[in-house]
Amino acid sequence: MNIYGRVWMTMMAMGFAAVFARADGEIEQGQKAEARARPVEVGEMTVSIYTEGEPRVAQPSLFGDFPKTEIEAAIGSNKLMLATHFFSFVTDGKIVFVDSGTGGKDSPLQRLFPPRSRIRHPDAFLITHGHFDHIGGLLLGDAPRFPGAKVYISKPELEHWGKEENKDSPTAKAIAAYGANVVPFDFDTEVLPGVWARDASGHTPGSTVFETQDVYFVGDLLHVAALQFAKPDACASYDMDKDGAIAMRKAWLSKAAREGKPIVGAHFTSPVGCVREAKEGFIFVPQ
Ligand SMILES: [Zn+2]
Ligand SMILES: [Zn+2]
């Protein structure tokens, strides 16, 4: 990581941003803006975690007709906890976010980047998929919150949200708001130096896992850690193609377990951790 990246991550780690870039790119310390970022060292990279609101308890009905007895057997006395996170890291001198949360006035983005402040904006957003809890933070009303940022999103995901029946969705609005700054990609391409986009379709038609040397950002490959590692056949109602989602979930969890590479999930209460194979299903070991 270069010196700029280190300074930015350090400031995030301290819980406030006191860094903003002048027009010539030089970095100054200055304006203080509280931010709820939690940095985690993963291999050689630092991933900052931004959490929206408090974790909440999901109902078994979220998993449709998946047998309640199997849910109870898997979670025991635990609850079906769901949280909402998005993430950032620095690579090649660029501030890169993975997803953007729901946005709104309580979003960590509001504190990190207050309107009219000169704090340097993110350079890029890697969008795992177009559900609103991942893309909403890109917007301020109907306008782009970060007009200079590039928004990377897979071609099948763009195609899905571009369909006539989705044209009034907030996702279509966000995509339209960023216009030429939207960067469509194919799977298995290096979207930024050292960052690869991989196919995780099933949850949505263009769901993406972003891979770095140190970690897999898995988006909504699974939602409730307490249940779906043990029972990867359980699909949250948000999974659009249930059979596809199950197949992807199993394939990715097997791969992560085999490689020992940590995963980062958007909805786990502890979002970073390693996957282990179990007698039945998998085990998640949070970092
Ligand atoms: Zn989703
Ligand atoms: Zn989500």
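In what follows, the accompanying structure is described. (Residues numbered from 1 in each chain as written. Chains lettered and ligands numbered in written order. Predicted model: local features only at pLDDT ≥ 70, side-chain atom pairs only at ≥ 80, totals over all residues.)

1. Let's talk about the nonpolar core
When a protein is soluble and globular, its nonpolar side chains tend to lie buried together. Grouped together as the largest cluster of nonpolar side chains are 67 residues, with contacts concentrated most on Phe87, Phe125, Leu126, Phe217, Val218 and Val264. Aside from chain neighbours lying at most four places away, what touches phenylalanine 87 is Val47, Ser48, Ile49, Tyr50, Phe97, Val98, Phe217 and Val264. (Core = buried A, V, L, I, M, F, W, Y, C linked by C-beta atoms within 7 Å. Buried ≥ 20, exposed ≤ 12 C-beta atoms within 10 Å, placed from the backbone. Contact = placed C-beta atoms within 7 Å.)

2. Looking at helix α8 (residues 242-259)
Taking 1.5 Å per residue as the helical rise, α8 with its 18 residues ought to reach 26 Å, and the 26 Å between its terminal C-alpha atoms agrees with that figure. Within α8, burial applies to Ala245, Met248, Arg249, Trp252, Leu253 and Ala256. One side of α8 holds all its buried residues, which, seen down the axis, span an arc of 125 degrees. Turned more than 90 degrees off the buried face of α8, the exposed positions are Asp243 and Arg258. Backbone geometry just after α8 places glycine 260 at a positive phi near 70 degrees. (Helix = DSSP H or I, 4+ residues; strand = E, 2+ residues; numbered from the N terminus. Expected span 1.5 Å × (residues − 1). Arc of directions from axis to C-beta.)

3. Thoughts on helix α6 (residues 170-178)
The complete set of buried residues in α6 reads Thr171, Ala174, Ile175 and Tyr178. The buried side chains of α6 occupy one side of the element, clustering within an arc of 95 degrees when seen end-on. Count one or two residues on from α6 and you reach glycine 179, which has phi positive near 45 degrees.

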